[in-house]
Structure formats: structure tokens, C-alpha cells
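Notes for the structure review
Spelled out from the first residue to the last, the chains are:
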Amino acid sequence: LRVELTMVSAFQFDIDVHGYSQLFHVIVEDVNGENILYHQTFTLKRNSDEEEHVIVLTVPVMDPLPPAYFIRVLSDRWLHSETTLPISFNQTILPAKFPPPTELLDLQPLPVTSVGEAAFAKLFPFKDFNPIQT
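Values in this document were obtained by computation on a predicted structure and should not be read as measured data.

Along the chain, aspartate 49 turns up in the loop between strand E3 (36-45) and strand E4 (53-58). A distance of 3.1 Å separates a polar atom in the side chain of aspartate 49 from a polar atom in the side chain of arginine 46. Once you skip the residues sitting within four places of it in the chain, aspartate 49 turns out to touch Ser9, Phe13 and Leu44.

Set out below in C-alpha cells:
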């Protein structure tokens, strides 16, 4: 599942207090908070603190589909400086799963001369085609 996360800082950046950059952890958890499905660090710099920051992330979709995942963004340096955003799957429609691959038939390998043209048969560095080529 591809998720596009847009972040905007919700605090007043002060160089004397915060320095020139702040490190944040972006974590995607399952509905129970037991498994971390995605983790990335994000550095918010002073010169771009008022801009929107976009992170594109990919998380696996479990089977059966859970009711939600949670995106947690938390500061690396400040206690209790975090926010949690749920991703609800209540209205999500997933594409159909791929059918299983077709079983390979038990065929005898064909010789390269079966292409019909002697010049083409000389191009192959082997004598027989494999079962998929046959």
C-alpha cells in the first residue's frame, strides 16, 4: 500500500531552543501496535520549518485486511512530542489477488533445429530448449 504523508510543523522553531534541525521518527504500526511495518527518520531543518514536507512510503497489506494502521511521528529529542494518525481501511477496496501460476506441462525439450532455419539454430549456444521455451 502506497501512502503519501504530508507534514507541517506545529511548533514555533527557535534556534536557541531547537538548534538548526530536529530529528523525527516516522513509524507505521499495525492496529494493535505490536508490529512496526515501516520506519524512517525525518530531519526538519530551520530554513524549511514552515513548508509542507511530503514522505511517500510503502507498507504491506496483511491478510485479512486490518481495520486500520497508525502513523506515529515522534521527536527524537523531546519527550511527549508526538502525534498519531490513523489510516482507516473501512472504505478500502483492494484489487483481486493474482491467480496462481499455470502449472508447467511435462513436455520433452525441443531441439534448437525446430526453429526451422539453420542460421537461427546456430545462434543458440545449447542443443535443446528448456521446458519453458518448449
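Picking up after the structure, the text goes on.
Moving on, we get to the nonpolar core. If you look at the biggest cluster of nonpolar residues, it comprises 19 residues, and the most contacted ones within it are Val26, Val28, Leu57, Val59 and Ile71. The set of elements that each furnish at least two residues to this core consists of strand E1 (2-7), strand E2 (21-29), E3, E4 and strand E5 (68-75). A per-element tally of this core places E3 first, with 4 residues. Setting aside anything within four residues of it in sequence, one finds valine 59 in contact with Leu1, Val3, Val28, Leu37, Tyr38 and Tyr69.

This paragraph deals with the pairing of E4. Side chains His53, Ile55 and Leu57 of E4 all project onto a buried face; the interleaved residues Val54, Val56 and Thr58 project onto a face where none is buried. In this structure, E1 lies alongside E4, joined through 6 bridges in antiparallel fashion. Each residue of the ladder has a partner; that of arginine 2, found in E4, is threonine 58.

This brings us to the pattern of salt bridges. Scanning the model with the defined rule gives 4 salt bridges in all. Its salt-bridge partner being arginine 72, residue glutamate 82 comes within 2.9 Å of it at the nearest N-O pair. Of the two residues, glutamate 82 sits in strand E6 (residues 82-88) while arginine 72 sits in strand E5, which places them 10 residues apart along the sequence. The partly exposed category is assigned to glutamate 82, whose relative accessible area is 45%. One salt-bridge network, in which partners are shared between bridges, spans Glu29, Arg72 and Glu82.

The next point concerns the packing of aromatic side chains. The tally for this structure, following the rule as stated, stands at 6 aromatic pairs. A centroid spacing of 4.9 Å and a plane angle of 85 degrees characterise the contact between tyrosine 69 and phenylalanine 89, whose relative ring orientation is edge-to-face. Pair noted here: tyrosine 69 is in strand E5 and phenylalanine 89 is in the loop between E6 and helix H2 (118-121), with a separation of 20 residues, a long-range link. Side by side, tyrosine 69 and phenylalanine 89 carry an identical accessibility label, which is buried. Their ring planes at 40 degrees and their centres at 5.6 Å tell us that phenylalanine 124 and phenylalanine 126 sit as a pair that is tilted. Classification of phenylalanine 124 as partly exposed rests on a relative accessible area of 30%. Here phenylalanine 126 falls in the partly exposed class, since its relative accessible area comes to 32%. Connected via pairs of aromatic rings, a cluster forms that spans Phe11, Phe13 and Phe24.

Of note, histidine 80 is a non-glycine position whose phi angle comes to about 60 degrees, a positive value. When you line up the elements, histidine 80 lands in the loop between E5 and E6.

Cut-offs and rules
Residues numbered from 1 in each chain as written. Predicted model: local features only at pLDDT ≥ 70, side-chain atom pairs only at ≥ 80, totals over all residues. Heavy atoms only, no water. Helix = DSSP H or I, 4+ residues; strand = E, 2+ residues; numbered from the N terminus. Polar contact = N/O pair within 3.5 Å; in protein donor to acceptor, adjacent residues only side chain to side chain. Contact = heavy atoms within 4.5 Å. Core = buried A, V, L, I, M, F, W, Y, C linked by side-chain atoms within 4.5 Å. Buried < 20%, exposed > 50% of the residue type's maximum accessible area, 1.4 Å probe, protein only. Pairing = 2+ DSSP bridges. Salt bridge = Lys/Arg side-chain N within 4 Å of Asp/Glu carboxyl O. Phe/Tyr/Trp six-rings, centres within 6.5 Å; stacked < 30°, edge-to-face > 60°.

The analysis is restricted to geometry; functional conclusions fall outside its scope.
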